[in-house]
Amino acid sequence: MSVTSDLASLLPGRVVTDPDVAAGYAVDAYPQAAPPASDDYTVVRARSRTDVEVTLRYAAEHGIPVVPQGSRTSTTGSAGALPGAIVLSTEQLTSIEIDPVERIAVVGPGVINTDLKAAAAEHGLAYPPDPASASMCSIGGNVATNAGGLCCVKYGVTADYVRGLEVVLPGGEVMRTGRRTAKGVAGLDLTGVFVGSEGTLGVVTEAVLRLVPLGDPPLTVLAVFPTLDATMAGVAALRGVRSTPSLVELLDGPSVDAVQAYGDYGFPSGSGGVLLVQSDRPGHAAEDVQEYAAALTAAGATEVAVAEDRAEADLLLEGRRVLNPALAARGPRFIEDVCVPVGRLGELVAQVHAIAARHGLEATCGGHAGDGNLHPCFFYDAEDPESLAAAQRAFDDLVRAAWALGGTLTGEHGVGAQKAPWLREELGEAELARQLAVKALFDPLGIMNPGRVYG
Ligand SMILES: Cc1cc2nc3c(=O)[nH]c(=O)nc-3n(C[C@H](O)[C@H](O)[C@H](O)COP(=O)(O)OP(=O)(O)OC[C@H]3O[C@@H](n4cnc5c(N)ncnc54)[C@H](O)[C@@H]3O)c2cc1C
């Protein structure tokens, strides 16, 4: 009996038997993914926690690797199929319960981020974490990667909203972490251990998430700068403003050009950089954006546009929203996710372009300037192995540059397969050993997402 037929008899209707459908579960959004053949892994689409328990019990009994999978938007190769593995999709676990008094949501891992936002908004509440992939990615994936996004500068990351989890461990044991209450300090924070664990410990089957009162619809300022230094002076100026913006996004000159090549979003060509800044402060967004505009002008912005209503605000942000498709249209690329102290962002952007020039490549650099987390891209010619190798070297150089600036190799996308070779160097031997000991406690057989994160 094969794994697929074994599981199909244990879980009728949950196992994908059509190879074309199975192929759709092979890769995530990691541009360099190399998927196994679709008959070399088994896809289980769980419809309940029991399905997850049965699958993980079977996997442990037979020593079969398991890849937990949400919406496959990971850019690091953390959710793609592995040879001989069970891909355990939680995309169909989509329950949402909102408790407006406790301001919590209890949700299944398959809930799409924007669906939770919409459900919370019906109660005047918000679930703030907003990865740029929010309309596609799942809460299970967000929890497992500790996803960030555009509004982290004011609201923080996924970890700041997870109060508790239900997790199925390899072998099928169901474990609950954390609490529903606003406070609680009983014992160690095992919720925090699972948040960001990238499917290497167990499968999240339910999350208790904190909600906050809904802000006002955000208003936007768009500021164009003549040079990179002036753009960075703009970022620094915003740090001196008392009411924290709900979004501070950077597009460097080449990113602006890539967006304009994709469509006319009203950006001037040849700029040194663009900053997009928002406020959603209830009752004060209009005055905040005027204050940001003044600060950005004083810092050297040559053009500043301030939205007066929601429609204008959305229009100004549109150029940032299309950044990912614009970059994808430009050609194959390595996507970085380094995070450095905000005060050193300018040095990071300069390094990106110096490294690209050294390796004969083109690069763009944009992202979440408000919290020092950028997504530099190195473009290569997929037909030319030397160009691909140069992009890989540039990628490696940038990780080192981020470390030298006091930063980390990943701010929000996670380690996955892409950055696993670098983890040992970032953590050091002793810390790595401690983390592997924690992993062994939950996954003694080493079957959860093997090769990802820890290599
Ligand atoms: C266009 C684009 C923009 C993006 N922008 C951002 C951004 O702004 N901020 C950001 O943080 N990320 C961003 N990402 C990356 C990605 O969207 C996030 O990492 C997201 O959290 C992944 O969610 P997912 O449902 O797609 O998970 P998947 O990609 O399916 O899985 C990601 C990881 O989570 C694990 N996992 C999934 N479900 C479970 C579960 N139920 N239990 C245990 N482990 C599980 C997987 O094993 C894998 O390790 C972007 C990606 C794209 C393509």
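A quick note: this is a predicted structure, and the numbers were derived from the prediction, not measured.

### Some thoughts on the packing of aromatic side chains
Here's step 1: Counted according to the given criterion, the structure contains 5 aromatic pairs.
Here's step 2: Between Trp 403 and Trp 422, the aromatic rings sit 5.4 Å apart at their centres with planes inclined by 70°, giving edge-to-face as the arrangement. With a gap of 19 residues between them, Trp 403 in helix H14 (residues 385-404) and Trp 422 in helix H15 (residues 420-427) connect regions that are remote in the sequence.
Here's step 3: Connected via pairs of aromatic rings, a cluster forms that spans Phe 334, Tyr 380 and Phe 395.
Here's step 4: Its guanidinium or amino end placed over the ring of Tyr 25, Arg 72 lies 4.6 Å from that ring's centre, counting from NZ or CZ.
Here's step 5: Sitting above the plane of the Phe 379 ring, Arg 330 keeps its charged end 4.4 Å from the centroid.

### Digging into the site of the ligand
Here's step 1: Around the ligand sit 36 residues, and of these Pro 68, Gly 70, Thr 73, Ser 133 and Ser 138 come closest.
Here's step 2: A distance of 2.8 Å is found between an oxygen atom of the ligand and a backbone nitrogen or oxygen belonging to Arg 72.
Here's step 3: When the free accessible area of the ligand is taken as 970 Å², the share hidden by the protein chains comes to 95%.
Here's step 4: Residue assignment for the shell around the ligand shows that the elements contributing at least two residues are strand S2 (66-69), helix H5 (139-145) and strand S9 (203-210).
Here's step 5: By residue number, the principal contributor to the shell around the ligand is H5, which donates 5 residues.
Here's step 6: Grouping the constituent residues of the shell around the ligand by class yields 11 nonpolar, 22 polar and 3 charged.
Here's step 7: Split by domain, the residues of the shell around the ligand number at least three in each of domain 1 (3-89) and domain 2 (96-213).

### What to know about helix H9 (residues 253-262)
Here's step 1: Of the residues making up H9, those classed as buried are Gly 253, Ser 255, Val 256, Ala 258 and Val 259.
Here's step 2: Where H9 is buried, its residues meet strand S12 (247-252), strand S13 (273-279), helix H11 (310-321), helix H12 (323-330), strand S16 (362-364) and strand S17 (366-368).

### A closer look at the pattern of salt bridges
Here's step 1: Counted by the stated rule, this structure contains 20 salt bridges.
Here's step 2: Residue Arg 400 is joined to Glu 425 by a salt bridge in which the shortest nitrogen-to-oxygen separation is 2.7 Å. Linking Arg 400 in helix H14 with Glu 425 in helix H15, this pair joins segments that are 25 residues apart in sequence.
Here's step 3: Since its relative accessible area comes to 45%, Glu 425 is described here as partly exposed.
Here's step 4: The partner of Glu 429 in a salt bridge is Arg 424, with the nearest N and O atoms 2.8 Å apart.
Here's step 5: Take Arg 424: its relative accessible area is 45%, and that puts it in the partly exposed class.
Here's step 6: One network of salt bridges, with partners in common, ties together Arg 49, Glu 53, Arg 57, Glu 166, Arg 176 and Glu 206.

### Topic: the packing of H15 against helix H16 (residues 429-442)
Here's step 1: Two elements in contact, H15 and H16, have axes separated by 6 Å at closest approach and are oriented at 120°. Listed contacts from H16 to Leu 423, Arg 424 and Leu 427 of H15 are Glu 429, Glu 431, Leu 432 and Gln 435.
Here's step 2: Tallied by class, the residues present in the contact of H15 with H16 amount to 3 nonpolar, 1 polar and 3 charged.

### Some remarks on unusual backbone geometry
Here's step 1: A positive phi angle, close to 65°, is found at Arg 72, a residue other than glycine.
Here's step 2: Mapping Arg 72 onto the fold places it in the loop between S2 and strand S3 (86-89).
Here's step 3: We classify Arg 72 as partly exposed; its relative accessible area is 21%.
Here's step 4: The phi torsion at Asn 146 lies on the positive side, around 50°, for a residue other than glycine.
Here's step 5: In this fold, Asn 146 is placed in the loop between H5 and helix H6 (152-155).

### Brief notes about the UniProt feature "domain: FAD-binding PCMH-type" (unreviewed entry) in the protein
Here's step 1: The feature "domain: FAD-binding PCMH-type" (unreviewed entry), as annotated in UniProt, sits at residues 36-214 in this numbering.
Here's step 2: Helix makes up 22% of residues 36-214 and strand makes up 25%, while its end C-alpha atoms are separated by 44 Å.

### A short note on the state of the cysteines
Here's step 1: By the definition in use, this model includes 0 disulfides.
Here's step 2: Cys 137 takes part in no disulfide bond, and the closest cysteine sulfur, belonging to Cys 152, lies 12 Å away.
Here's step 3: The exposure class assigned to Cys 137 is buried, which follows from its relative accessible area of 4%.

### Overview of the sheet that holds strand S1 (residues 42-45)
Here's step 1: Reading across the sheet, the 3 strands line up as S1-S3-S2 and stay open at both edges, with parallel pairing between neighbours. What marks the edges here is a single partner per strand, and that holds for S1 and S2. Adjacent strand axes in the sheet meet at a mean angle of 20° when their direction is disregarded.
Here's step 2: In this structure, S1 lies alongside S3, joined through 4 bridges in parallel fashion. From the neighbouring strand, Val 44 faces S3, where its bridge partner is Leu 88.
Here's step 3: Each of S1, S2 and S3 is contacted by helix H3 (residues 49-62), which is oriented at about 165° to S3, the strand it contacts most.

The rules we used
Residues numbered from 1 in each chain as written. Predicted model: local features only at pLDDT ≥ 70, side-chain atom pairs only at ≥ 80, totals over all residues. Heavy atoms only, no water. Phe/Tyr/Trp six-rings, centres within 6.5 Å; stacked < 30°, edge-to-face > 60°. Helix = DSSP H or I, 4+ residues; strand = E, 2+ residues; numbered from the N terminus. Lys NZ or Arg CZ within 6 Å of the ring centre and 35° of its normal. Near = heavy atom within 4 Å. Polar contact = N/O pair within 3.5 Å; in protein donor to acceptor, adjacent residues only side chain to side chain. Areas by Shrake-Rupley, 256 points an atom, 1.4 Å probe, with all protein chains shown as cover. Nonpolar A, V, L, I, M, F, W, Y, C, P; charged D, E, K, R; others polar. Domains from an automatic or database assignment. Buried < 20%, exposed > 50% of the residue type's maximum accessible area, 1.4 Å probe, protein only. Contact = heavy atoms within 4.5 Å. Salt bridge = Lys/Arg side-chain N within 4 Å of Asp/Glu carboxyl O. Axes fitted to C-alpha atoms, helices over the stretch in contact; angles between N-to-C directions. UniProt positions renumbered as here; feature names shortened; annotations may be inferred. Disulfide = S-S within 2.5 Å. Pairing = 2+ DSSP bridges.

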